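These are the residues of each chain, in order.
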Amino acid sequence: MTGYYDLILGLIPLALIGVTGAFSVAGLTLTMAVPLGATASVLLIGHALFINGPVDESPQLQSSTPVNSAD
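These numbers come from a predicted model, not from an experiment. (Residues numbered from 1 in each chain as written. Predicted model: local features only at pLDDT ≥ 70, side-chain atom pairs only at ≥ 80, totals over all residues. Heavy atoms only, no water.)

Some details on the overall build of the protein
Moving on, step 1. A count of helical and extended segments in the protein gives two helices and zero strands.
Moving on, step 2. A sequence separation of at least 24 residues applies to 50% of the contacts in the protein between residues at least 6 apart.
Moving on, step 3. Within the structure as shown, the protein displays about 5,900 Å² of accessible surface, and the carbon and sulfur contribution to it stands at 69%. (Helix = DSSP H or I, 4+ residues; strand = E, 2+ residues; numbered from the N terminus. Contact = heavy atoms within 4.5 Å. Areas by Shrake-Rupley, 256 points an atom, 1.4 Å probe, with all protein chains shown as cover.)

Regarding the packing of helix α1 (residues 4-25) against helix α2 (residues 30-51)
Moving on, step 1. Orientation of α1 relative to α2, taken along the N-to-C sense of each, is 165 degrees, at an axis distance of 7 Å. The orientation of α1 with respect to α2, classified from their angle, is roughly antiparallel. Once α1 is placed against α2, the crossing between them reads as right-handed. Together, Tyr4, Tyr5, Ile8, Leu11, Ile12, Ala15, Leu16, Val19, Thr20, Phe23 and Ser24 of α1 and Leu30, Ala33, Val34, Leu36, Gly37, Ala38, Ala40, Ser41, Leu44, Ile45, His47 and Ala48 of α2 make up the contact between the two elements. (Axes fitted to C-alpha atoms, helices over the stretch in contact; angles between N-to-C directions. Parallel < 35°, antiparallel > 145°, perpendicular 65-115°, else oblique. Left-handed = near helix turned anticlockwise from the far one by under 90°.)

Things to note about the side chain of Ser41
Moving on, step 1. Structurally, Ser41 can be placed in helix α2.
Moving on, step 2. Note on Ser41: relative accessible area 7%, which makes it buried.
Moving on, step 3. Each residue touching Ser41, except ones within four places of it in the same chain, is listed here: Ile12, Ala15 and Leu16. (Buried < 20%, exposed > 50% of the residue type's maximum accessible area, 1.4 Å probe, protein only.)

Examining the packing of aromatic side chains
Moving on, step 1. Per the stated rule, a full pass over the model turns up one aromatic pair.
Moving on, step 2. Between Tyr4 and Tyr5, the aromatic rings sit 4.9 Å apart at their centres with planes inclined by 80 degrees, giving edge-to-face as the arrangement.
Moving on, step 3. The class for Tyr4 is partly exposed, based on a relative accessible area of 28%.
Moving on, step 4. A relative accessible area of 34% places Tyr5 in the partly exposed class. (Phe/Tyr/Trp six-rings, centres within 6.5 Å; stacked < 30°, edge-to-face > 60°.)

Brief notes about a nonpolar patch on the surface
Moving on, step 1. Residues Phe23, Leu28, Met32 and Leu36 make up a contiguous nonpolar surface patch of about 300 Å² in total accessible area.
Moving on, step 2. For Leu36, the position within the fold is in helix α2. (Patch = residues over 30% accessible without salt bridge, like charges linked within 9 Å, V, L, I, M, F, W, Y side chains within 5 Å. Salt bridge = Lys/Arg side-chain N within 4 Å of Asp/Glu carboxyl O.)

Structure follows, in structure tokens:
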């Protein structure tokens, strides 16, 4: 099953090449199109790291107080 991070890993090079190509075809010079494509890739990476960051789901911590069986 394809998850969020699998999609992000696929979109990073696609954004770099696709946005660069689109701006290049639209008439921008390659020296201007590449940084714009890289910006799109960096935004995807930033979203995956800081906005929808990977977290470990830790199990519920049990109480550390000992149970007195004499009660």
